[in-house]
Amino acid sequence: MKTLKIAIQKSGRLNEKSVELLKNCGLNFENYKSSLISPVSNFPLEILFLRDDDIPEYVQDGIADLGIVGENVIQETEVEVSYLQRLGFGKCSLKIAVPNNTNIETVADLNGRSIATTYPAILRKYLDNLNINAEIRTISGSVEISPGLGLSDAICDLVSTGGTLKSNGLKPFADVMSSEAVMIGRPGSENDDLIQELIQRIQSVLRAKETKYVVLNAERANLPKILELLPGVKSPSVVPLAEENWVAVHTVIPERDFWSRISQLKQAGAQGIVVMPIEKIIL
Ligand SMILES: Nc1ncnc2c1ncn2[C@@H]1O[C@H](COP(=O)(O)OP(=O)(O)OP(=O)(O)O)[C@@H](O)[C@H]1O
Ligand SMILES: O=P(O)(O)OC[C@H]1O[C@H](OP(=O)(O)OP(=O)(O)O)[C@H](O)[C@@H]1O
Ligand SMILES: [Mg+2]
């Protein structure tokens, strides 16, 4: 039987979440210690632990079949790979930022200025689209320090909380792209049976993360109002309780509007509400 290879980040922002996701898919393996390859004992898969910059090319060139990496890195390496699954973690934006006391006010003011970045290819495309002629200074890290050192007039770097910009006297100025971690493969690889099996496992874990399992008690008379508040669910289970005219309703609720839904359910007469995490949802 063939063995697939999946490349994930060795250490850094995406390592922990990538490992957690694969473990939640029921895969048994050792996280990176000193070996850069870890076999999975219960699925024909090997995990390669790499620097994230190398992952898109390894997948494009067939050294790995799959990879988990940020969209920002995929765009920067300009490879031909397919997005097999968005993973919902590693969310951040690539932004141009300028010093708080700058006289750069419009995007056109970037003409003739210098911008430091670790993402020269993405930035070049962005500026070309806007017909802006700025000098791109490619550096390999600690980009936020460069205006303060007089190395550039602006920067283009990843932002999530904005804390790093703030503590370096910078403010966000323009959005270049938003990014999250994705699973990639070679174009067409989504048709491979083993890859499909893995994608389905990942989707069942992601789906479960987005929902909560809820059990509540209610008087039968309140049931129509309560069921009306659960429109997304095909058929909540309604189970009679020992106490006459009372029922238990079992259902799932999306995480994103969880609290508003719970308070509506309480107003409609729901009592003794128990909420549980879901491990997997297999359709
Ligand atoms: N502040 C952030 N918040 C959320 N996600 C981020 C943030 N910064 C980076 N990311 C995402 O996580 C990815 C990995 O970031 P990290 O800082 O670990 O990269 P790195 O230093 O280039 O790592 P490597 O050593 O593997 O080259 C980024 O490419 C991006 O997709
Ligand atoms: O908006 P914030 O929440 O402050 O995050 C932004 C910072 O996060 C990333 O660096 P990281 O901390 O991953 O370190 P690195 O430069 O070593 O990759 C990025 O390059 C920014 O510097
Ligand atoms: Mg890197």
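Residues numbered from 1 in each chain as written. Chains lettered and ligands numbered in written order. Predicted model: local features only at pLDDT ≥ 70, side-chain atom pairs only at ≥ 80, totals over all residues. Heavy atoms only, no water.

- As recorded in an unreviewed UniProt entry, the protein chain goes by the name ATP phosphoribosyltransferase, listed as coming from Mucilaginibacter terrae.
- Listed under Catalytic activity (unreviewed entry) in UniProt, the entry text for the protein chain is "1-(5-phospho-beta-D-ribosyl)-ATP + diphosphate = 5-phospho-alpha-D-ribose 1-diphosphate + ATP". (UniProt positions renumbered as here; feature names shortened; annotations may be inferred.)

1. What about the pairing of strand β4 (residues 66–70)?
Regular strands show a simple pattern: their side chains alternate between the two faces of the sheet.
Step number 1: A large share of β4 lies buried, amounting to five of its five residues.
Step number 2: The alternating pattern of β4 places Leu 66, Ile 68 and Gly 70 on one face and Gly 67 and Val 69 on the opposite face, and all of these are buried.
Step number 3: Relative to β4, strand β1 (residues 4–9) is paired through two bridges, and the arrangement is parallel. Its bridge partner lying in β4, Ala 7 is registered against Gly 67.
Step number 4: With five bridges connecting them, β4 and strand β11 (residues 181–185) associate as antiparallel partners. Residue Ile 68 lies in a different strand from β11, and its bridge partner there is Met 183. (Buried < 20%, exposed > 50% of the residue type's maximum accessible area, 1.4 Å probe, protein only. Helix = DSSP H or I, 4+ residues; strand = E, 2+ residues; numbered from the N terminus. Pairing = 2+ DSSP bridges.)

2. Overview of the packing of aromatic side chains
Step number 1: A full pass over the atoms with the stated rule returns one aromatic pair.
Step number 2: For the pair Phe 258 and Trp 259, a centre-to-centre distance of 5.1 Å together with 80 degrees between the ring planes defines the contact as edge-to-face.
Step number 3: Sitting above the plane of the Phe 29 ring, Lys 23 keeps its charged end 4.8 Å from the centroid. (Phe/Tyr/Trp six-rings, centres within 6.5 Å; stacked < 30°, edge-to-face > 60°. Lys NZ or Arg CZ within 6 Å of the ring centre and 35° of its normal.)

3. Quick notes on the sheet that holds β11
Step number 1: The six strands are arranged β2-β3-β1-β4-β11-β5 in an open sheet whose pairing can be described as mixed. A single partner strand is all that each edge strand has here, and the edge strands are β2 (37–39) and β5 (82–86). Geometrically, the sheet is characterised by an average inter-axis angle of 30 degrees between neighbouring strands, direction not taken into account.
Step number 2: In terms of strand pairing, β5 meets β11 through four bridges, oriented antiparallel. Directly across from Gln 85, in β11, lies its bridge partner Met 183.
Step number 3: Helix-sheet contacts for helix α6 (residues 193–209) involve β1, β3 (45–50), β4, β5 and β11, and the interaxial angle to β5 is about 30 degrees. (Axes fitted to C-alpha atoms, helices over the stretch in contact; angles between N-to-C directions. Contact = heavy atoms within 4.5 Å.)

4. Focus on the sheet that holds strand β15 (residues 271–277)
Step number 1: A sheet is described by the order of its strands in space; here four strands give the open sequence β13-β14-β12-β15, paired in antiparallel fashion. Sheet topology places β13 (237–240) and β15 at the edges, where each strand pairs with a single neighbour. The average angle at which neighbouring strand axes cross in this sheet is 20 degrees, direction not considered.
Step number 2: Where strand β12 (residues 211–219) meets strand β14 (residues 246–254), nine bridges bridge the pair, whose relative direction is antiparallel.

5. With respect to the pairing of β13
Step number 1: The pairing of β13 with β14 spans four bridges and is classified as antiparallel. Following the sheet pairing, Ser 237 is matched in β14 by His 250.
Step number 2: The turn joining β13 and β14, which pair antiparallel and follow one another in sequence, is formed by five residues; a positive phi near 70 degrees is taken by Asn 245.

6. A closer look at the nonpolar core
Step number 1: Membership of the largest hydrophobic core comes to 29 residues, with the highest contact counts inside it found for Ile 6, Leu 27, Leu 45, Ile 47, Leu 87 and Met 183.
Step number 2: Contributions of two or more residues to this core are made by β1, α1 (15–24), β3, β4, β11 and α6.
Step number 3: Ranked by residues supplied to this core, first place goes to α6 with seven residues.
Step number 4: Those residues in contact with Leu 27 that sit more than four places away from it in its chain are Leu 22, Val 40, Asn 42, Phe 43, Leu 45, Leu 198 and Arg 201.
Step number 5: If you look at the next biggest cluster of nonpolar residues, it comprises 19 residues, including Ile 96, Ile 132, Ala 134 and Ala 174. (Core = buried A, V, L, I, M, F, W, Y, C linked by side-chain atoms within 4.5 Å.)

7. Some remarks on empty space enclosed by the protein
Step number 1: Counting across every chain of the model gives one cavity of 30 Å³ or more.
Step number 2: The calculated volume of the largest cavity comes to roughly 60 Å³.
Step number 3: Around the largest cavity, the lining residues are Lys 17, Glu 20, Leu 21, Asn 24, Leu 87, Phe 89, Leu 206 and Lys 209.
Step number 4: Every element with two or more residues in the lining of the largest cavity is listed here: α1 and α6.
Step number 5: Looking at the lining of the largest cavity, the element that brings in the most residues is α1, giving four residues.
Step number 6: Its residues placed into classes, the lining of the largest cavity shows four nonpolar, one polar and three charged. (1 Å grid on protein atoms, 1.4 Å probe; cavity = no way out; pocket = protein on both sides within 12 Å on 5 of 7 lines; lining within 4 Å. Points joined across faces, edges and corners; volume = space filled by probe spheres on them. Nonpolar A, V, L, I, M, F, W, Y, C, P; charged D, E, K, R; others polar.)

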